[in-house]
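What follows is each chain in one-letter form.
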Amino acid sequence: MAVETEMTEALGAAAGRPGEAGGGSARERQLERLRQRAAELRRTVFGTICRGGGGHIPASLSIVEILTVLYEAVLRVDPARPHDPQRDRFILSKGHGCVALYAALAAKGFFPPEQLATYGQAGTMLGGHPDMHKTPGVEASTGSLGHGLAFGAGMALAGKLDKKDYRVFVLLGDGECQEGSVWEAALFAAQHKLDHLTAIIDYNQLQALDRLEEVVELAPLAAKWGAFGWAVREVDGHGVGELMDVLTAAPLAAGRPTAVVAHTIKGKGISFMENVPIWHYRLPDEQERRQACAELGMADPLEGGP
Ligand SMILES: Cc1ncc(C[n+]2csc(CCOP(=O)(O)OP(=O)(O)O)c2C)c(N)n1
Ligand SMILES: [Mg+2]
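Residues numbered from 1 in each chain as written. Chains lettered and ligands numbered in written order. Predicted model: local features only at pLDDT ≥ 70, side-chain atom pairs only at ≥ 80, totals over all residues.

1. Notes on the overall build of the chain
Next, step 1: Helix and strand counts for the chain come out as 11 helices and 7 strands.
Next, step 2: Expressed as lengths along the three principal axes of its C-alpha atoms, the size of the chain is roughly 50 × 50 × 35 Å.
Next, step 3: When the 306 residues of the chain are sorted by exposure, 47% land in the buried category.
Next, step 4: Considering only contacts within the chain whose residues lie at least 6 apart along the sequence, 73% involve residues at least 24 apart. (Helix = DSSP H or I, 4+ residues; strand = E, 2+ residues; numbered from the N terminus. Buried ≥ 20, exposed ≤ 12 C-beta atoms within 10 Å, placed from the backbone. Contact = placed C-beta atoms within 7 Å.)

Written out as structure tokens, the structure reads:
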């Protein structure tokens, strides 16, 4: 199966085994392919939101590499069998970043990429937040922050009780980690030794229209997950090699859930949006759109671009 081949290659490359993966150069080729896929995803996100007439551009751009690595090199999922009981599960707990998820699911083959053009239109299956009852490949309906980790912990517990070896990955926002329900789920997962559960935290230091430190500071965030009994690793959330290494290695410790604190930049890839809170839910005007397109290397989506 293609997914397994990619997994084997990823693991072999991560371990630097010559022969199996062709050594460092095979790894570098794979990383370059992932970078290109991430760049494509970024363009798709921007084009889809501009055409759809609204959405969370910076929140989606923040998680592009994480989703690319997950869907291209980590998750054992098969679009032909979306309900396979053995499949890995992915939950986008920060549901407002859904356009990046839709783009990743379309690229993986869960639905035709042409469906992305329906985003923002009446009756679309691709709403402003993910809906598991409408969109193939979406495992949990999210958007109300603070619930994805509990969903994921339940799935991981079910897998453990059923003696299945699927893994569950949950992507959370850092502002979302101010919700008490996140920490209840974290306690629960550690208590039940859910080592098939991995939380990835999009640590971009912004929450909607403000900075974390101005609202409720979370630092030291990695230490907090550690104190809750999780095995923790901090990575560059835009570094595909680091992401692939840690996500293919999970669980990092037997009997403990894994937390990956991913340092990211909200709005990554569009210079005037990077780290600028006002862009949380805002569309660029014509001049801004042209500049963004030039930076992303794409044609203007309102004039026929991707
Ligand atoms: C329970 C709940 N409260 C408030 C909101 C409104 N809201 C949408 S996005 C967002 C910011 C969340 O911050 P973070 O998790 O850091 O996501 P980022 O802004 O970095 O994408 C908020 C408060 C929500 N969706 N759900
Ligand atoms: Mg944030």
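Once the structure has been displayed, the description carries forward.
2. Some thoughts on the site of ligand 1
Next, step 1: For ligand 1, the set of nearby residues contains 18 residues, the closest of which are Ala59, Gly173, Gly175, Glu176 and Gln207.
Next, step 2: When the residues that make up the shell around ligand 1 are grouped by side-chain class, the tally is 4 nonpolar, 10 polar and 4 charged. (Near = placed C-beta within 6 Å. Nonpolar A, V, L, I, M, F, W, Y, C, P; charged D, E, K, R; others polar.)

3. Some remarks on the confidence of the model for the chain
Next, step 1: Put simply, the chain has an average pLDDT of 93, and 92% of its residues get 70 or more.
Next, step 2: For the stretch residues 1–22, pLDDT sits under 50, and the model shows 28 contacts to residues farther than four places along the chain or on other chains. (pLDDT = per-residue confidence, 0-100.)

4. Describing the packing of helix 4 (residues 64–74) against helix 10 (residues 240–249)
Next, step 1: Where helix 4 meets helix 10, the closest approach of the two axes is 10 Å, and the angle between their N-to-C directions is 55°. Taken together, helix 4 and helix 10 sit at an angle that is classed as oblique. The element helix 4 and its partner helix 10 pack so that their crossing is right-handed. Each of Glu65, Ile66, Thr68, Val69, Leu70, Ala73 and Val74 in helix 4 lies in contact with helix 10, whose residues at this interface are Val240, Leu243, Met244, Leu247 and Thr248.
Next, step 2: Looking at side-chain class alone, the contact of helix 4 with helix 10 contains 9 nonpolar, 2 polar and 1 charged residues. (Axes fitted to C-alpha atoms, helices over the stretch in contact; angles between N-to-C directions. Parallel < 35°, antiparallel > 145°, perpendicular 65-115°, else oblique. Left-handed = near helix turned anticlockwise from the far one by under 90°.)

5. Side note on the pairing of strand 7 (residues 258–263)
Next, step 1: Within strand 7, 5 of the 6 residues are buried, leaving the element largely enclosed by the surrounding structure.
Next, step 2: Direction of pairing for strand 3 (residues 197–203) relative to strand 7: parallel, over a ladder of 6 bridges. The partner of threonine 198 across the bridge, within strand 7, is threonine 258.
Next, step 3: Pairing between strand 6 (residues 231–236) and strand 7: 6 bridges, direction parallel. Bridge assignment links valine 235 to a residue of strand 7, and that residue is alanine 262.
Next, step 4: Each parallel crossover has a hand, and for strand 6 linked through helix 10 to strand 7 it is right-handed. (Pairing = 2+ DSSP bridges. Right-handed = clockwise from strand over helix to strand, strands pointing away.)

6. Topic: unusual backbone geometry
Next, step 1: In this structure, proline 220 follows alanine 219 across a cis peptide bond, with omega equal to -5°.
Next, step 2: Position of proline 220 among the secondary structure elements: in the loop between helix 8 (212–215) and helix 9 (221–227).
Next, step 3: A cis amide bond links alanine 250 to the next residue, proline 251, at an omega of 5°.
Next, step 4: Mapped onto the elements, proline 251 comes out in the loop between helix 10 and strand 7.
Next, step 5: With phi around 50°, lysine 193 is a residue other than glycine that occupies positive phi space.
Next, step 6: By the secondary structure assignment, lysine 193 is in the loop between helix 7 (180–191) and strand 3.

7. A few points about helix 4
Next, step 1: With 11 of 11 residues buried, helix 4 is to be regarded as a mostly interior element.
Next, step 2: By the burial criterion, the buried members of helix 4 are Val64, Glu65, Ile66, Leu67, Thr68, Val69, Leu70, Tyr71, Glu72, Ala73 and Val74.

8. Focus on helix 5 (residues 98–108)
Next, step 1: Counting buried residues in helix 5 gives 9 out of 11 residues, a clear majority hidden from the surface.
Next, step 2: For helix 5, the set of buried residues is Cys98, Val99, Ala100, Leu101, Tyr102, Ala103, Ala104, Leu105 and Ala106.
Next, step 3: For helix 5, the secondary structure elements touched by its buried residues are helix 2 (24–52), helix 3 (57–61), helix 4 and strand 1 (89–92).
Next, step 4: At the exit of helix 5 stands glycine 109, carrying a positive phi of roughly 105°.

9. Some points on the pairing of strand 1
Next, step 1: Across the two faces of strand 1 the burial is the same, with Arg89 and Ile91 and Phe90 and Leu92 all buried.
Next, step 2: Of the strand pairs in this sheet, strand 1 and strand 2 (residues 168–173) are connected by 4 bridges, and their pairing is parallel. Residue pairing for strand 2: isoleucine 91 is matched across the bridge by valine 170.

10. Looking at the environment of glutamine 178
Next, step 1: Here glutamine 178 is to be found in the loop between strand 2 and helix 7.
Next, step 2: Residues glutamine 178 and leucine 145, spaced 33 residues apart in sequence, show a C-alpha to C-alpha distance of 9.6 Å.

11. Here we look at the sheet that holds strand 2
Sheet strands line up and pair through hydrogen bonds in the backbone, either parallel or antiparallel.
Next, step 1: Strand order in the open sheet formed by 5 strands is 1-2-3-7-6, with parallel pairing between adjacent strands. A strand with exactly one partner marks an edge of an open sheet, and here the two such strands are strand 1 and strand 6. Strand after strand, the sheet turns through a mean of 20° between neighbouring axes, direction not considered.

12. Focus: the nonpolar core
Next, step 1: By size, the foremost hydrophobic cluster in this structure holds 81 residues, and its most contacted members are Leu67, Val69, Leu70, Ala100 and Tyr102.
Next, step 2: Residue contributions to this core peak at 9 residues, all from helix 5.
Next, step 3: Ignoring any residue separated from it by four or fewer positions in sequence, one finds leucine 67 in contact with Leu41, Ala100, Leu101 and Ala104. (Core = buried A, V, L, I, M, F, W, Y, C linked by C-beta atoms within 7 Å.)

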